[in-house]
Amino acid sequence: MILDSIDQTQPIEIITHAGREKGVMFLKKIFVADRCYKNLDQAIAASRSDLDSGFAVLIIPHEHQYQVWISIPPQMILHNHLSQSHSSVAA
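Just so it is clear, the structure is predicted and the values come from calculations on it, not from any experiment.

A.B. asks: Could you give an account of the pattern of salt bridges, naming the residues involved and the relevant values?
C.D. replies: One pass over the structure, following the stated rule, counts four salt bridges. With a shortest N-O distance of 3.1 Å, D50 and R35 are connected by a salt bridge. On the criterion of sequence distance, the pair formed by D50 in helix α1 (residues 40–52) and R35 in strand β3 (residues 29–37) is long-range, its members being 15 residues apart. For D50, a relative accessible area of 13% translates into the label buried. Note on R35: relative accessible area 27%, which makes it partly exposed. Put simply, E13, R20 and K22 are held in one network by salt bridges that share partners.

The following block contains the structure:
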């Protein structure tokens, strides 16, 4: 799904087996930042394999680039905490 702004999501902090990560929640799914691309077509093309594997993907404009966010399965999340601001969420 392509969003207009990170403000359409809820910031969240999660703890996984890999450690503490900042992410976002959208439509009751939790996403973490994956990669940035210079244009939307590159972001869409790079996300195809994740989509084919069954992951939900968000593409969100960020500082003249497109940030890809990938869903995290609930079983990978040990703990989560909703945040109040997006100021430090986008990577």
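Next, the rest of the story.
A.B. asks: Give a description of the pairing of strand β1 (residues 10–16) that names residues and reports values.
C.D. replies: Counted residue by residue, β1 has five buried out of seven residues, so it is predominantly covered. Taken together, the five bridges between β1 and strand β6 (residues 77–82) define a ladder with antiparallel strand orientation. Across the sheet, residue E13 finds its bridge partner in β6, namely H81.

A.B. asks: Hey, could you go over the nonpolar core for me, with residue numbers and the actual values?
C.D. replies: With eight residues, the main nonpolar core is built from L3, I6, V24, F26, F31, L58, I60 and W69. Elements that contribute at least two residues to this core include exactly β2 (19–26) and β4 (57–62). With near-sequence residues (within four places) excluded, L3 lies in contact with Q8, T9, F26, L58, I59, I60 and P61. I12, I14, I72 and I77 belong to the second largest nonpolar core, which has seven residues in total.

A.B. asks: Hey, could you go over unusual backbone geometry for me, with residue numbers and the actual values?
C.D. replies: Of note in this structure, E63 is not a glycine but carries a positive phi near 50°. Mapped onto the secondary structure, E63 falls in the loop between β4 and β5 (65–71). Using a relative accessible area of 64% as the deciding quantity, one classes E63 as exposed. Of note in this structure, H64 is not a glycine but carries a positive phi near 65°. By secondary structure assignment, the location of H64 is in the loop between β4 and β5. Relative accessible area serves as the criterion here: at 83%, H64 is assigned to the exposed category.

A.B. asks: Mind laying out α1, listing which residues take part and the relevant values?
C.D. replies: Taking 1.5 Å per residue as the helical rise, α1 with its 13 residues ought to reach 18 Å, and the 18 Å between its terminal C-alpha atoms agrees with that figure. Of all bends in α1, the biggest is about 30°, found at A46. Here α1 has its buried residues at A43, S47 and D50. Buried residues along α1 sit against β3, β4 and β5. Near the N-terminus of α1, the side chain that reaches the backbone nitrogen of D41, with its oxygen 3.1 Å away, is that of N39. One or two residues past the end of α1 sits G54, with phi positive at roughly 95°.

Each value, and the rule that gives it
Residues numbered from 1 in each chain as written. Predicted model: local features only at pLDDT ≥ 70, side-chain atom pairs only at ≥ 80, totals over all residues. Heavy atoms only, no water. Salt bridge = Lys/Arg side-chain N within 4 Å of Asp/Glu carboxyl O. Helix = DSSP H or I, 4+ residues; strand = E, 2+ residues; numbered from the N terminus. Buried < 20%, exposed > 50% of the residue type's maximum accessible area, 1.4 Å probe, protein only. Pairing = 2+ DSSP bridges. Core = buried A, V, L, I, M, F, W, Y, C linked by side-chain atoms within 4.5 Å. Contact = heavy atoms within 4.5 Å. Expected span 1.5 Å × (residues − 1). Bend = angle between axes of the 7 residues up to and from the residue. Polar contact = N/O pair within 3.5 Å; in protein donor to acceptor, adjacent residues only side chain to side chain.

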